[in-house]
Amino acid sequence: MTEPEPEHVRLDELDGAPHAVVFEHDAPRTIRLTLEADQQLPAHRHPDTDIVCHLVEGELDLALDGESHRLATGDLLRFSGDHEIAPTAIEDSVAVLVFAPQETD
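Counting from 1, residues in each chain are numbered in the order their sequence is written. Given that this is a predicted model, residues contribute local features only at a pLDDT of at least 70 and side-chain atom pairs are listed and counted only at 80 or more, while totals for whole chains, interfaces and linings are drawn from all residues. Computation of side-chain values covers all heavy atoms of the structure but excludes hydrogens and water.

## Thoughts on the side chain of T88
1) Next: A run of DSSP states H or I qualifies as a helix once it reaches four residues; a run of E qualifies as a strand once it reaches two. Both are numbered from the N-terminal end. Position of T88 relative to the elements: it lies in strand β6 (residues 85–101).
2) Next: Here T88 falls in the buried class, since its relative accessible area comes to 19%.
3) Next: In this structure the side chain of T88 is engaged in a polar contact, spanning 3.4 Å, whose partner is the side chain of Q40.
4) Next: Leaving out residues up to four positions away in the same chain, T88 has contacts with Q39, Q40, L60 and D61. Accessible area is worked out with a 1.4 Å probe on protein chains only. A residue is then buried under 20% of its type maximum, exposed over 50%, and partly exposed in between. Polar contacts, as counted here, are pairs of nitrogen or oxygen atoms within 3.5 Å of one another; within protein the pair requires one atom able to donate a hydrogen and one able to accept it, and residues that are adjacent in sequence qualify only if both atoms are side-chain atoms. Here a residue-residue contact requires only that any non-hydrogen atoms of the pair lie within 4.5 Å.

And the structure:
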C-alpha cells in the first residue's frame, strides 16, 4: 500500500465556515473553527470523544457545562466531549479542534 504524499496547506486556505475539515476521514476528526466577534455556536455535545481546542488567533469564551473558560491566542484547552460546549468569540477567532475517540476500558 502506498502512503499518501505529505500535503502542505495553510489553515486559512481550508474550505468551510464556521467549520473546515482538515482530514477527509473521521478519526480523529480535525476541524478549523472560524467565528466572527460575538458569534456563538449553540450549546452541544460530542459524546465519546476527547477534545483539544487550540486557539490560533483571537479570543474565545468556551463554556463547558455553563462554566466559562477564556482562551487567548496560543492557548490550548483539553476536555471531554461529554461536556456541553458553547463557544462564543470575544473577537474574530480561529481555532483548531481535534476530536479523538475516547478509549474504552
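## Section: the pattern of salt bridges
1) Next: Salt-bridge detection follows one rule: a side-chain nitrogen of Lys or Arg within 4 Å of a carboxyl oxygen of Asp or Glu. Tallied over the entire structure, the rule returns 2 salt bridges.
2) Next: With a closest N to O distance of 3.8 Å, R45 and D65 form a salt bridge. Of this pair, R45 sits in the loop between β2 (29–35) and β3 (49–64) while D65 sits in the loop between β3 and β4 (67–72); the two residues are 20 residues apart in sequence, bridging distant segments of the chain.
3) Next: We note a salt bridge from R70 to E59, for which the minimum N-O separation is 2.9 Å. Taken together, the positions of R70 in strand β4 and E59 in strand β3 put the pair 11 residues apart, joining distant regions of the chain.

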